[in-house]
Amino acid sequence: MKQKYHIILASNSPRRRELLAGLGIDFEVKVLPGIDESYPEDTPTADVARVIAMSKAAVYENLIGDDELVITADTIVVVDDEILGKPQHADDARRMLRLISGRTHQVITGVCLMVKGKVKSFSVTTDVTFKQLTDNEIDYYIENYRPYDKAGAYGIQEWIGYVGVTSLTGSYFNVMGLPVQRIYTELQSM
């Protein structure tokens, strides 16, 4: 793919770096410290990840050149209209994994693509169903994988995904944190 822009991935996530690299495009990682990831309380749950991704991109607006494109993203896990962020500690991770155990939840990744004078934002939703997890399985996963940097306290590409996910409707890569097929399509249109 011929690149019109120098692409900047504004994310520290190793999974997002790996996924974007899988598209075969050149990019650099540039992350500014202290970006506010809050959102207005009245934001509909389905829009939260996109709103946060747009807020992250806005910080770069006056820092990019005419030949640069910034990609920002945010991923949330939603069950019963409750947003599950990154767990603060083992008990929080346990609570989250028990909430999604034996049920279907949504993983929503909001993405913002920004160039000088133009912003494109969207979100992608994937439905993920887990089997009923035992307390032993939950404890094993938390102790061995320490999922404190993952929304909803799990990584689908890790042990818990292998043994727990019974079905998935939508993009697998979205659940990992970056809907690369949609990003590829949007980059081609820009």
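Summarised in this report is the structure supplied together with it. Given the structure is predicted, the values throughout are model-derived calculations rather than measurements.

## Structural notes on the nonpolar core
Then, number 1: Membership of the largest hydrophobic core comes to 40 residues, with the highest contact counts inside it found for Leu-69, Ile-71, Leu-97, Leu-113 and Tyr-154.
Then, number 2: No other element matches strand S3 (residues 68-79), which puts five residues into this core.
Then, number 3: Apart from residues lying up to four places away in sequence, Ile-71 is in contact with Ile-7, Ile-8, Leu-9, Ala-10, Leu-20, Val-111, Cys-112, Leu-113 and Ile-183.
Then, number 4: Judged by nonpolar contacts, the second largest core, of nine residues, contains Ala-10, Ala-57, Ile-64 and Val-70.

## Concerning unusual backbone geometry
Then, number 1: The backbone phi angle of Asp-81 is positive, close to 65°, even though this residue is not glycine.
Then, number 2: The class of Asp-81 is exposed, set by a relative accessible area of 58%.
Then, number 3: Positive phi, normally seen in glycine, also occurs at Arg-146, with a value near 40°.

## A word on the environment of Val-107
Then, number 1: With respect to the element layout, Val-107 can be found in strand S5 (residues 104-115).
Then, number 2: Sequence spacing of Val-107 and Thr-125 is 18 residues, and the spatial spacing of their C-alpha atoms is 5.6 Å.
Then, number 3: Here Val-107 is in contact with Thr-75, Ile-76, Val-77, Val-124, Thr-125, Thr-126, Val-128, Tyr-154, Asn-174 and Val-175, once residues within four sequence places are set aside.

## Structural notes on the packing of helix H3 (residues 90-100) against helix H4 (residues 135-145)
Then, number 1: The N-to-C vectors of H3 and H4 enclose an angle of 135°; their axes lie 10 Å apart at closest approach. Between H3 and H4, the angle is such that the two are oblique. H3 and H4 meet at a crossing whose hand is right-handed. In this structure, H3 contributes Ala-90, Ala-93, Arg-94, Leu-97 and Arg-98 to the contact, and H4 contributes Asp-135, Ile-138, Asp-139, Tyr-141 and Ile-142.
Then, number 2: Among the residues forming the contact of H3 with H4, the class breakdown is six nonpolar, no polar and four charged.

## Some remarks on the pairing of S5
Then, number 1: Burial runs high along S5: ten of the twelve residues are buried.
Then, number 2: Looking at chain direction, S3 and S5 are connected through nine bridges and run antiparallel. Following the sheet pairing, Asp-74 is matched in S5 by Gly-110.
Then, number 3: Hairpin connection of S5 to strand S6 (residues 118-130): two residues between the antiparallel strands, including Gly-117 at a positive phi of 80°.

Reading the values: rules and limits
Residues numbered from 1 in each chain as written. Predicted model: local features only at pLDDT ≥ 70, side-chain atom pairs only at ≥ 80, totals over all residues. Heavy atoms only, no water. Core = buried A, V, L, I, M, F, W, Y, C linked by side-chain atoms within 4.5 Å. Buried < 20%, exposed > 50% of the residue type's maximum accessible area, 1.4 Å probe, protein only. Helix = DSSP H or I, 4+ residues; strand = E, 2+ residues; numbered from the N terminus. Contact = heavy atoms within 4.5 Å. Axes fitted to C-alpha atoms, helices over the stretch in contact; angles between N-to-C directions. Parallel < 35°, antiparallel > 145°, perpendicular 65-115°, else oblique. Left-handed = near helix turned anticlockwise from the far one by under 90°. Nonpolar A, V, L, I, M, F, W, Y, C, P; charged D, E, K, R; others polar. Pairing = 2+ DSSP bridges.

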